[in-house]
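Close look at the chain arrangement
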Amino acid sequence: MVVEGLSLFVPPGTSALVRERMAHLHREAAKWRLYEFDEREDRLKEIDFSDRGNTATRLVHWTDERAVRERFADSIAYVCSLMGEVEIAVISAAEIGFRCHGLEFARARLMQEQGSFRSAPQVVFGVGAEERVLSEQNNALFTTLLRSVGEVRHAEGPRDHPLWRLHPERWLESLVVENVGAVDERLDSGCLYSRVPAFSASDRAMIDVLTVTREGRLAVVELKADEDIHLPLQGLDYWSRVAWHQARGEFQRFGYFPGRQLSADEPLLFLVSPALHVHPATDTLLHYISPAVQWTLVGIDERWRKEVKVVFRKRATRDFRLTIDD
């Protein structure tokens, strides 16, 4: 049996995100068709997904991290005195997060003082839905939480402990942010952004890592710590949004990559997952991505919590076959 292609039928007015994804599929590998079906009027309308002129996507201005860190200097100094290896994540101009290998245990945010127009930093702590405002009365509880997280959240920690198992992708992201060159030696560890908001149509998501090569070419790094069939197409979603804003010169206008000369070449896409947790359908899905998207599938050692070490890299050739570099 030969499957010639795929036709998708969606309700009226809901094709924008699907159209954006289909625009980057391989036109020669299969025939793709997209329709909006109006059930009330029994009307079928074919959608031209090659036209992305009215794509609804927007980029968020990047916050000046230096100014934010100065704003929360006292809170940062206090938490660092309790946990030397703490990771500081700038969430917005008025909020930062404190993390240990990707696990967020506290935030500092600006709150308006009662009876005044002034704002002052306030620290809240807790893991998950549990959240408390830090005060003199519960400071001992905060110190205990940090000690518990620090004792468990490391490569040799107890694997059955909830704090060790929580948010593995955030853990992997924290290691890649620390040394993105471990994924590919072309990537610049000194110039990257993590958890970049990516808006398109009605969809809001976060790009795991946005960086550049040493030659200034943009690169999207999508991470999965566990087996996930969505890895290729989710990475393609983010690549598409980055390519859209890059073509309009918006990244540096919105505060990203200051002082860097960005290449006009389209972004690179890196899909990273533990080698034994790459979904079996991944190679099949990659076969149908447009050759214009230069993707690399990176399989890393299962013991990535100790060290992010590449086991293999796969890239596509123009005749749709996969090549293994390592």
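These lines cover the structure that appears in this document, whether it is placed above or below. (Residues numbered from 1 in each chain as written. Predicted model: local features only at pLDDT ≥ 70, side-chain atom pairs only at ≥ 80, totals over all residues. Heavy atoms only, no water.)

Let's talk about the overall build of the protein chain
Our working definition: Elements are defined by DSSP. Helices are runs of H or I of four residues or more, strands are runs of E of two residues or more, and each kind is numbered from the N terminus. In this scheme, a residue with accessible area under 20% of its type's maximum is buried, one over 50% is exposed, and one in between is partly exposed, where area comes from a 1.4 Å probe on protein chains only. Contact between two residues is taken to exist if any of their heavy atoms lie within 4.5 Å; hydrogens are not considered. Computed with the Shrake-Rupley method and a 1.4 Å probe, the accessible areas treat only the protein chains shown as cover for residues. In this tally, Lys and Arg are treated as positive and Asp and Glu as negative; His is ignored, and so are the chain termini. The location of each charge is read from NZ of Lys, CZ of Arg, CG of Asp or CD of Glu.
For the protein chain, the count of helices and strands is nine helices and 16 strands. Based on the C-alpha atoms only, the size of the protein chain along its principal axes is roughly 70 × 50 × 45 Å. A burial count over the protein chain gives 45% of its 326 residues as buried. A fraction of 56% describes how many contacts in the protein chain between residues 6 or more apart in sequence connect residues 24 or more apart. If you sum the accessible surface of the protein chain, you get close to 17600 Å²; carbon and sulfur atoms cover 48% of it. When the 42 positive and 50 negative side-chain charges of the protein chain are each reduced to one mean point, those points stand 1 Å apart.

Looking at the pattern of salt bridges
Our working rule: Salt bridges are defined as contacts in which a side-chain nitrogen from Lys or Arg sits within 4 Å of a carboxyl oxygen from Asp or Glu.
Taken as a whole and assessed by the stated rule, the structure comprises 19 salt bridges. Notably, a salt bridge pairs Arg43 with Asp38, separated by 3.7 Å at the nearest N-O pair. By relative accessible area, Asp38 is classed as buried at 15%.

Points about the sheet that holds strand 2 (residues 31-38)
Short version of the rule: Two strands qualify as a pair provided that DSSP identifies no fewer than 2 bridges between them. Between N-to-C directions, angles span 0 to 180 degrees; the directions come from axes that are lines fitted to C-alpha atoms, helices contributing only their stretch in contact.
Strand order across the open sheet formed by three strands is 1-2-3, with mixed pairing between neighbours. Of all strands in the sheet, those with a lone pairing partner are strand 1 (5-10) and strand 3 (43-46), marking the two edges. For this sheet the average axis-to-axis angle between neighbouring strands, irrespective of direction, equals 25°. Pairing analysis gives four bridges linking strand 2 to strand 3, with the strands arranged antiparallel. Residue pairing for strand 3: Phe37 is matched across the bridge by Leu44.

Quick word on the sheet that holds strand 6 (residues 95-100)
Strand order in this open sheet of five strands is 5-6-7-8-9, and the pairing throughout is antiparallel. Whereas interior strands pair on both sides, the edge strands pair on one side only; in this sheet they are strand 5 (87-92) and strand 9 (132-133). Strand direction decides the pairing type here: strand 6 and strand 7 (residues 103-112), joined by six bridges, are antiparallel. Counted as the bridge partner of Glu95 is Arg109 from strand 7. Contacts from helix 3 (residues 73-82) reach strand 5, strand 6, strand 7 and strand 8 (119-125), with the element oriented near 10° to strand 6.

Some points on the nonpolar core
When a protein is soluble and globular, its nonpolar side chains tend to lie buried together. This is how it is decided: Throughout, nonpolar core names a set of buried Ala, Val, Leu, Ile, Met, Phe, Trp, Tyr and Cys residues whose side chains join them through atoms within 4.5 Å.
By size, the foremost hydrophobic cluster in this structure holds 46 residues, and its most contacted members are Ile96, Phe98, Phe105, Val149 and Phe270. Take this core: its biggest share by element is five residues, from helix 4 (residues 139-152). Not counting chain neighbours up to four residues away, the residues in contact with Ile96 comprise Val68, Phe72, Ile76, Ile88, Ala89, Val90, Ile91, Ala106, Arg107 and Ala108. In this structure, Trp62, Tyr193, Phe254 and Leu286 belong to the second largest nonpolar core, which totals 30 residues.

By themselves, these figures tell us nothing about what the structure is for.
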